[in-house]
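Chain and residue survey
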Amino acid sequence: MTKEEIKRLVDEVKQEVIAWRRHLHAHPELSFQEEKTAQFVYETLQSFGGLEITRPTKTSVMARLVGPKPGRVVAIRADMDALPIQEENTFKFASKNPGVMHACGHDGHTAMLLGTAKIFAQLRDHIHGEIRFLFQHAEELFPGGAEEMVQAGVMDGVDVVIGTHLWSPLERGKIGIVYGPMMAAPDRFFIRIIGKGGHGAMPHQTIDAIAIGAQVVTNLQHIVSRYVDPLEPLVLSVTQFVAGTAHNVLPGEVEIQGTVRTFDAELRQTVPQWMERIVKGITEAHGASYEFQFDYGYRPVINYDEVTHVIEETARELFGEEAVARLKPNMGGEDFSAFLQKAPGSFFYVGAGNVEKGIVYPHHHPRFTIDEDALEIGVQMFVAATLKLLAS
């Protein structure tokens, strides 16, 4: 199928895709609560005809399109959940649910995959193989919906899987490509320093948990700066430090939380050992005790070169050489990695920012939005790349 034919098919669904995105944006639902969203997706897919539609979990949807001739099985994934953020945009389709907002583009992902499914439903008689459309819940909240869907069997028999993220830091019209490691494993930690509280004017009668906690925070930074090869990607960020109730009281406890981001599997296992060694040494030196908890989050997203090459080739053929943006890995997390444990695949970016339109706010910001002209670009990428992968 030529790029002109694909463009014509996408043009026919473009306004519906925008309308679907706006409906979803106005009615966001949090992770593991996407009941109305999933029902909307289910009913919309039913209207296309020719699809086998199931509910792998309570708030996810899968549609299968099986062609008349055998071939490869290609899965395409879109996430559907929103964030606990109060929207500050004033669009007519701004969130109607207080404190909940599509501040990451998942409404656009879902709309693009619906448009892709509608196009392929029309092309069913020409499909060799099978296409699975995976509408995933709970990307934003660990343990994540991808793992649940995998356990429910949505990846059984799949030969290759692709997914995308609308990306506001990238200009609309660009396709972001990353070979190999793309997004890190987002792990989290919890530390409780247990000292002895007392009067702020009599610190000698206490075991100052705040002073000890401050030393813990400072020394944890040595893991990145002194324990690890400077060329090895690693982030260790303390993001919460909670202690105290009054200006003249030294609290007996401090709670410290944060995140660790890695790509390397061995380093991922070693960092919490180093952390606990530091915490143990500092607290013992000052007569305090501690609790340490490390929770492993999603695996890192590691793209397969062969599939990523198809994505890059597709972008170049559809939009020209200037549209391809080779990007560096970033330390954000994505549970698309769960699908990559079952089949080779690639995750790519569709540029959704536009300075001229004022679309400049970062993801997870209360004024985040996307350039809706990016939606048709995403659908074109899904359709063309899937056809290439089926024929590979």
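Preceding this paragraph is the structure being described.
Definitions and limits used
- Residues numbered from 1 in each chain as written.
- Predicted model: local features only at pLDDT ≥ 70, side-chain atom pairs only at ≥ 80, totals over all residues.
- Heavy atoms only, no water.
- Helix = DSSP H or I, 4+ residues; strand = E, 2+ residues; numbered from the N terminus.
- Rg over C-alpha atoms; globule rule 2.2 N^0.38 Å.
- Buried < 20%, exposed > 50% of the residue type's maximum accessible area, 1.4 Å probe, protein only.
- Contact = heavy atoms within 4.5 Å.
- Areas by Shrake-Rupley, 256 points an atom, 1.4 Å probe, with all protein chains shown as cover.
- Lys, Arg positive; Asp, Glu negative; His and termini not counted.
- Charge placed at Lys NZ, Arg CZ, Asp CG, Glu CD.
- Axes fitted to C-alpha atoms, helices over the stretch in contact; angles between N-to-C directions.
- Parallel < 35°, antiparallel > 145°, perpendicular 65-115°, else oblique.
- Left-handed = near helix turned anticlockwise from the far one by under 90°.
- Pairing = 2+ DSSP bridges.
- Core = buried A, V, L, I, M, F, W, Y, C linked by side-chain atoms within 4.5 Å.
- Phe/Tyr/Trp six-rings, centres within 6.5 Å; stacked < 30°, edge-to-face > 60°.
- 1 Å grid on protein atoms, 1.4 Å probe; cavity = no way out; pocket = protein on both sides within 12 Å on 5 of 7 lines; lining within 4 Å.
- Points joined across faces, edges and corners; volume = space filled by probe spheres on them.
- Expected span 1.5 Å × (residues − 1).
- Patch = residues over 30% accessible without salt bridge, like charges linked within 9 Å, V, L, I, M, F, W, Y side chains within 5 Å.
- Salt bridge = Lys/Arg side-chain N within 4 Å of Asp/Glu carboxyl O.

Of regular secondary structure, the protein possesses nine helices and 16 strands. Radius of gyration (C-alpha) of the protein: 24 Å, near the 21 Å computed for a compact globule of 392 residues. If one aligns the C-alpha atoms of the protein with their principal axes, the spans along those axes are about 80 × 45 × 40 Å. By the burial criterion, 54% of the 392 residues in the protein qualify as buried. Nonlocal contacts in the protein, meaning residues at least 24 apart in sequence, comprise 80% of its contacts between residues at least 6 apart. Working note: accessible area of the protein is about 16,900 Å², and carbon and sulfur atoms make up 51% of it. Charge-centre separation for the protein: the mean point of 36 positive side chains lies 2 Å from the mean point of 50 negative side chains.

So, about the packing of helix α7 (residues 305-319) against helix α9 (residues 373-391). Running from amino to carboxyl end, α7 crosses α9 at an angle of 125°, the nearest separation of the two axes being 9 Å. Here α7 lies oblique to α9, going by the angle between them. For the pair α7 and α9, the crossing hand works out as right-handed. Contacts between α7 and α9 pair Val307, Val310, Ile311, Glu313, Thr314, Ala315, Glu317, Leu318 and Phe319 from the former with Ile377, Gln380, Met381, Ala384, Ala385, Lys388 and Leu389 from the latter.

This part is about unusual backbone geometry. Put simply, Phe142 and Pro143 share a cis peptide bond, and its omega is 10°. With respect to the helices, strands and loops of the structure, Pro143 is situated in the loop between β4 (128-136) and α4 (145-151). For Phe32, which is not a glycine, the phi torsion comes out positive at approximately 70°. A positive phi angle is found at His364, which is not glycine, with a value near 75°. Locating His364 in the fold gives a position in the loop between β16 (345-353) and α9.

Here we come to the sheet that holds strand β6 (residues 175-177). In spatial order, the strands read β1-β2-β4-β3-β5-β16-β6-β15; together these eight strands make up an open sheet with mixed pairing. Edge positions in the sheet fall to β1 (52-54) and β15 (324-326), since each of these pairs with one other strand and no more. Taken pair by pair, the neighbouring strands of this sheet meet at an average axis angle of 25°, ignoring direction. As judged from the two bridges shared by β6 and β16, these two strands associate in the antiparallel manner. Looking at β16, one finds that Gly176 is bridged to Tyr349.

A few words now on the nonpolar core. It is characteristic of soluble globular proteins that their nonpolar side chains tend to be buried jointly. Grouped together as the largest cluster of nonpolar side chains are 67 residues, with contacts concentrated most on Leu45, Phe133 and Phe135. Broken down by element, this core gets its largest block of residues, eleven residues, from α9. Excluding residues that lie within four positions of it along the chain, Phe135 makes contacts with Val41, Leu45, Ser60, Val61, Ala78, Met80, Thr110, Leu113, Leu114 and Met149.

In total, this model carries ten aromatic pairs according to the counting rule given. Centre to centre, the rings of Tyr227 and Trp274 are 5.3 Å apart; their planes meet at 80°, and the pair counts as edge-to-face. A residue pair is termed long-range when its members are at least 10 positions apart, and Tyr227 in helix α5 (residues 209-227) and Trp274 in helix α6 (residues 265-285) qualify at 47 residues. Accessibility expressed as a relative area gives 33% for Tyr227, which makes it partly exposed. Ring-pair connections join several aromatic residues into one group, and the members of that group are Phe336, Phe339 and Phe347.

With that out of the way, let us pick up the layout of surface pockets. A volume near 830 Å³ is recorded for the largest pocket. Lining the largest pocket we find 34 residues, and of these Glu140, Pro186, Arg261, Tyr298 and His364 sit closest to its centre. Taken together, the elements giving at least two residues each to the lining of the largest pocket come down to β5 (160-171), β8 (185-194), β10 (234-242) and β12 (253-262). In terms of lining residues, the second largest pocket is bounded by 16 residues, among which Phe91, Lys357, Ile359, Thr369 and Ile370 are the most central.

Attention shifts here to the sheet that holds β8. Reading across from one edge, β10-β12-β8-β13 is the order of the four strands in this open sheet, with antiparallel pairing throughout. In this open sheet, the two strands that pair with only one neighbour each are β10 and β13 (289-295). Taken over all neighbouring pairs, the strand axes of this sheet differ in orientation by 20° on average, direction set aside. Direction of pairing for β8 relative to β12: antiparallel, over a ladder of ten bridges. Opposite Phe190, over in β12, you have Gln257 as the bridge partner. The strands touched by α5 within the sheet are β8, β10 and β12, with β10 carrying the most contacts at an inclination of about 170°.

Here we come to α7. Between its terminal C-alpha atoms α7 stretches 21 Å, which fits the 21 Å expected from 15 residues at 1.5 Å a residue. Every buried residue belonging to α7 is among Val307, Thr308, Val310, Ile311, Glu312, Thr314, Ala315 and Leu318, and all of these are buried. Check the buried side of α7 and you find it contacts α1 (3-26), β5, β6, β15, β16 and α9. Gly320 occupies a position one or two residues after α7 and carries a positive phi of about 95°.

This part takes up a negative patch on the surface. Taken together, the side chains of Asp229, Glu232, Asp264 and Glu266 present a region of like negative charge at the surface. As for its placement among the helices and strands, Glu266 is situated in helix α6.

Structurally, the position occupied by Glu139 is in the loop between β4 and α4. Of the side chains with opposite charge, Arg77 comes closest to the buried, unpaired Glu139, at an N-O distance of 5.0 Å. Setting aside residues no more than four positions away along its own chain, Glu139 makes contact with Arg77, Asp79, Asp81, His106, Tyr298, Gly333, Glu334 and Asp335.

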